[in-house]
Amino acid sequence: IAASKMEIDLPEAKTRSIEDEVRVSVTVGSDGRVAVDEDEIDRRSLARVLRQRIDDAKSDNLLVVVRADAGTSYDVVHEILGEVRLVGAKRIAIATRQRGKVDL
């Protein structure tokens, strides 16, 4: 999965990682910056960029992985998840770190 090089601190979880599959990564920094895969974008462009990535993937199994810094407010994460759903993503996951490693 191509993800932004933006430095973020993922929250911890006790879940298994998802195996490799067709994915799009949305990264949200604690400062509000947003990236889709490796491309940092203007927050207002998120829906348009995501819709294009979903259309380009041509896969019903596309997984959108939201990677939000642990310091990002819940309201911002909630808004991002809402936009991901509104653009038609059928499968959504939230990335977490587990005992010193990053899943997803």
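Cut-offs used in this document
- Residues numbered from 1 in each chain as written.
- Predicted model: local features only at pLDDT ≥ 70, side-chain atom pairs only at ≥ 80, totals over all residues.
- Heavy atoms only, no water.
- Core = buried A, V, L, I, M, F, W, Y, C linked by side-chain atoms within 4.5 Å.
- Buried < 20%, exposed > 50% of the residue type's maximum accessible area, 1.4 Å probe, protein only.
- Contact = heavy atoms within 4.5 Å.
- pLDDT = per-residue confidence, 0-100.
- Helix = DSSP H or I, 4+ residues; strand = E, 2+ residues; numbered from the N terminus.
- Pairing = 2+ DSSP bridges.
- Axes fitted to C-alpha atoms, helices over the stretch in contact; angles between N-to-C directions.

**So, the nonpolar core**
So, point 1. Among the nonpolar cores identified, the biggest contains 20 residues, and Val26, Leu46, Leu50, Val64, Ile80 and Val84 are the most heavily contacted of them.
So, point 2. Those residues in contact with Leu46 that sit more than four places away from it in its chain are Val26, Val34, Val36, Ile41, Ile80 and Glu83.
So, point 3. Counting residues in hydrophobic clusters, the runner-up holds eight residues, among them Met6, Leu63, Val65 and Ala93.

**Structural notes on the confidence of the model for the chain**
So, point 1. Chain-level pLDDT for the chain is 84 on average; 83% of the residues reach the 70-or-more range.
So, point 2. Across the chain, strand S2 (residues 34-36) holds the top mean pLDDT of 96, while strand S7 (residues 101-102) sits lowest at 56.

**Regarding the pairing of strand S1 (residues 23-28)**
So, point 1. In terms of burial, S1 is largely enclosed, as six of its six residues are buried.
So, point 2. Neither face of S1 is exposed, since Arg23, Ser25 and Thr27 on one face and Val24, Val26 and Val28 on the opposite face are all buried.
So, point 3. Pairing of S1 with strand S4 (residues 63-68), which is carried by six bridges, proceeds in the parallel orientation. Note that in S4 the partner of Val28 across the bridge is Ala68.
So, point 4. Pairing analysis gives three bridges linking S1 to S2, with the strands arranged antiparallel. Within the sheet, the bridge partner assigned to Val26 lies in S2 and is Val36.
So, point 5. Connecting S1 to the next strand, S2, in antiparallel fashion are five residues, including Gly32 with a positive phi near 95°.

**A word on the sheet that holds S1**
So, point 1. Spatially, five strands are ordered S3-S2-S1-S4-S5 in an open sheet, and the strand pairing comes out mixed. Looking at strand neighbours, the two that pair on one side only are strand S3 (39-41) and strand S5 (91-94), the edges of this open sheet. Ignoring which end each strand starts from, the neighbouring axes of this sheet average 25° apart.
So, point 2. The pairing of S4 with S5 spans four bridges and is classified as parallel. Bridge pairing links Val64 to Ile92 in S5.

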